[in-house]
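Listed below are the residues making up each chain.
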Amino acid sequence: MYKILVVDDEDIIRKSIVKIIDWKSLGFSEVFDAENGLDALEILKKEEIDLVLADIKMPFMDGLELSGIIKKDFPSVSVVIISGHDEFHMAQQAILHGVMDYILKPIGDVSLTEKMVEVREKLDKKKKEMQYINKIKEQFHQNLPLLREQFLNSLVCTPGSDVLSRSRLEFLQISLNQGPFCVCIIEPDFGLEDEDSELYLFAMKNIVIESVGDNHPVFSDSLRRIAV
């Protein structure tokens, strides 16, 4: 279920939009309303609004200005613009600036319901996309230690490596100031045949990380040594 905010300076139109639509059947659990953009921003600060339905012409702050602020300060909130035929070019401009859709006046209950069904479907699609992105981000953070190890191995242990770049360091959240650098190699003193060797190596690496702190990248190389 979504939360919608209706913004229109004409009280009759705004209240009609709020009342004539069966919002719950369309997937909207709560409907808020504001008579201008300034009031709308105050509501956005207090409530977790999913969709703003705003008239394009309003005093103090028009719909285009409001949608620009929402895009900057409330990027997860979608915006649908209501405009008259003489403001159609403004509605098209709003679409180019990230507005989800626009609705032309005059608005009837049937036409508005049909349009809001389309908008709700777009919200569903956007929600699924965000869930997918969040899942990918979660998987990335889970795999971040392994990705760091692979990068540092390539950087330090591969002759002529050219993987170093500021953007890649930032992406992997590795803090390396300008060199020169020192590399310390720790070679564990246990045999490859020891069945607990991997456990010992893991424990030793954790001890090293705790000892040197976050300012010094730590990784294991292909010879099962610990590099700092």
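So, on to the overall build of the protein. When its secondary structure is counted, the protein shows seven helices and eight strands. Partitioning the contacts of the protein with sequence separation of at least 6, the portion at a separation of at least 24 is 59%. When the accessible surface of the protein is summed, it comes to about 14,400 Å², and 53% of that surface belongs to carbon and sulfur atoms. In the protein, 26 side chains carry a positive charge and 40 a negative one; their mean positions are 3 Å apart.

To continue, consider the pattern of salt bridges. On inspection of all chains with the given rule, the structure shows 14 salt bridges. In this structure, R224 engages E198 in a salt bridge whose closest nitrogen and oxygen atoms are separated by 3.2 Å. Here E198 lies in helix α7 (residues 197–212) and R224 lies in the loop between β7 (219–220) and β8 (226–227), a separation of 26 residues in the sequence. Overlapping salt bridges bring together D11, R14, K15 and D33 as one network.

As a further point, take the sheet that holds strand β5 (residues 101–104). Within a sheet, neighbouring strands are paired by backbone hydrogen bonds and run either parallel or antiparallel to one another. One open sheet holds the five strands; their spatial order is β2-β1-β3-β4-β5, and the pairing between them is parallel. Of all the strands in the sheet, just β2 (28–34) and β5 have a single pairing partner and so form its edges. Put simply, the sheet's adjacent strands are angled 20° from each other on average, direction ignored. Along the sheet face, helix α3 (residues 63–73) touches β1 (2–7), β3 (51–55) and β4 (78–83) and points at about 160° away from the line of β3.

To continue, consider the environment of G98. Note that G98 resides in the loop between α4 (88–96) and β5. Along the chain, G98 and K71 lie 27 residues apart, while their C-alpha atoms are 7.5 Å from each other.

Turning next to the packing of helix α2 (residues 37–46) against α3. Put simply, α2 and α3 touch, their axes get as near as 10 Å, and they point 20° apart. When the interaxial angle is binned, α2 and α3 end up roughly parallel. The element α2 and its partner α3 pack so that their crossing is right-handed. Facing α2, whose interface residues are G37, A40, L41 and L44, α3 presents L66, I69 and I70. Considering only residue class, the contact of α2 with α3 consists of six nonpolar, one polar and no charged.

A separate point is a negative patch on the surface. A cluster of acidic residues, D9, E10, E35 and D39, forms a negative patch at the surface. Within the secondary structure, D9 sits in the loop between β1 and α1 (11–20). Residue D9 is classed as partly exposed on the basis of its relative accessible area of 31%.

For β1, the tally of buried residues reaches five of six residues, placing the bulk of the element in the interior. As paired strands, β1 and β2 are joined by six bridges and run parallel to one another. Among the inter-strand pairings, V6 is bridged to a residue of β2, identified as D33. At this point the chain moves from β1, through α1, to the parallel β2, and the crossover so formed is right-handed.

Listed as buried for α3 are G63, L66, S67 and I70. Taken end-on, α3 shows its buried residues confined to a sector of 100°, consistent with a single buried face. Residues of α3 that are buried in the fold lie against β1, α2, β3 and β4. Its side-chain oxygen 3.1 Å from the backbone nitrogen of L64, D62 forms the N-cap of α3.

Attention now goes to a nonpolar patch on the surface. A cluster of nonpolar side chains, M130, Y132, I133 and I136, forms an exposed patch at the surface whose accessible area comes to about 380 Å². As for its placement among the helices and strands, M130 is situated in helix α5 (residues 109–157). Under the relative-accessibility criterion, M130 is labelled partly exposed at 40%.

Next up on the list: the sheet that holds β7. In spatial order, the strands read β6-β8-β7; together these three strands make up an open sheet with antiparallel pairing. Strand pairing shows two members of the sheet lacking a second neighbour, β6 (185–186) and β7, which therefore form its edges. By the bridge criterion, two bridges tie β6 to β8 in an arrangement that is antiparallel. Residue pairing across strands places I186 opposite I226, the latter belonging to β8.

Rules of the game
Here the residue numbering is sequential within each chain, running from 1 through the sequence in written order. Totals for whole chains, interfaces and linings use every residue, but because this is a predicted model, local features are given only for residues with pLDDT of at least 70 and side-chain atom pairs only at 80 or more, for both listing and counting. Excluding hydrogens and water, the side-chain values take into account all heavy atoms of the structure. Secondary structure elements follow DSSP: runs of H or I no shorter than four residues count as helices, runs of E no shorter than two count as strands, and numbering proceeds from the N terminus. For this analysis, residues touch if any pair of their heavy atoms sits within 4.5 Å. We get accessible surface area from the Shrake-Rupley algorithm with a probe of 1.4 Å; when it comes to residues, only the shown protein chains can shield them. Counting rule for charge: Lys and Arg are taken as positive, Asp and Glu as negative, and neither His nor the chain ends is counted. One atom stands in for each charge, and that atom is NZ of Lys, CZ of Arg, CG of Asp or CD of Glu. Here, a salt bridge means any Lys or Arg side-chain nitrogen found within 4 Å of an Asp or Glu carboxyl oxygen. Whether two strands pair comes down to DSSP finding at least two bridges between them. To get an axis, fit a line to the C-alpha atoms, keeping to the stretch in contact for a helix; angles then go from 0 to 180 degrees between the N-to-C directions. Here is the rule for angles: anything less than 35 degrees is roughly parallel, anything more than 145 is roughly antiparallel, 65 through 115 is roughly perpendicular, and the remaining ranges are oblique. It is the rotation of the near helix from the far one that decides the hand of a crossing: anticlockwise by less than a right angle makes it left-handed, clockwise makes it right-handed. The nonpolar class holds Ala, Val, Leu, Ile, Met, Phe, Trp, Tyr, Cys and Pro. Asp, Glu, Lys and Arg form the charged class, and all remaining residues, Gly among them, are polar. Residues forming no salt bridge and having over 30% relative accessible area are the ones grouped into patches, like charges within 9 Å of each other and nonpolar side chains (Val, Leu, Ile, Met, Phe, Trp, Tyr) within 5 Å. Exposure is judged per residue with a 1.4 Å probe applied to protein chains only, and the accessible area is read against the type maximum: over 50% gives exposed, under 20% gives buried, and values in between give partly exposed. With strands facing away from the observer, any crossover in which the path from the first strand over the helix to the second runs clockwise is taken as right-handed. The directions considered for the arc run from the helix axis to the C-beta atoms. Whenever a nitrogen or oxygen atom comes within 3.5 Å of another N or O atom, the pair is scored as a polar contact, on the condition that within protein one atom can donate a hydrogen and the other can accept it, and that pairs from neighbouring residues in sequence are kept only if both atoms are in side chains.

Worth remembering: the numbers are spatial, not functional.
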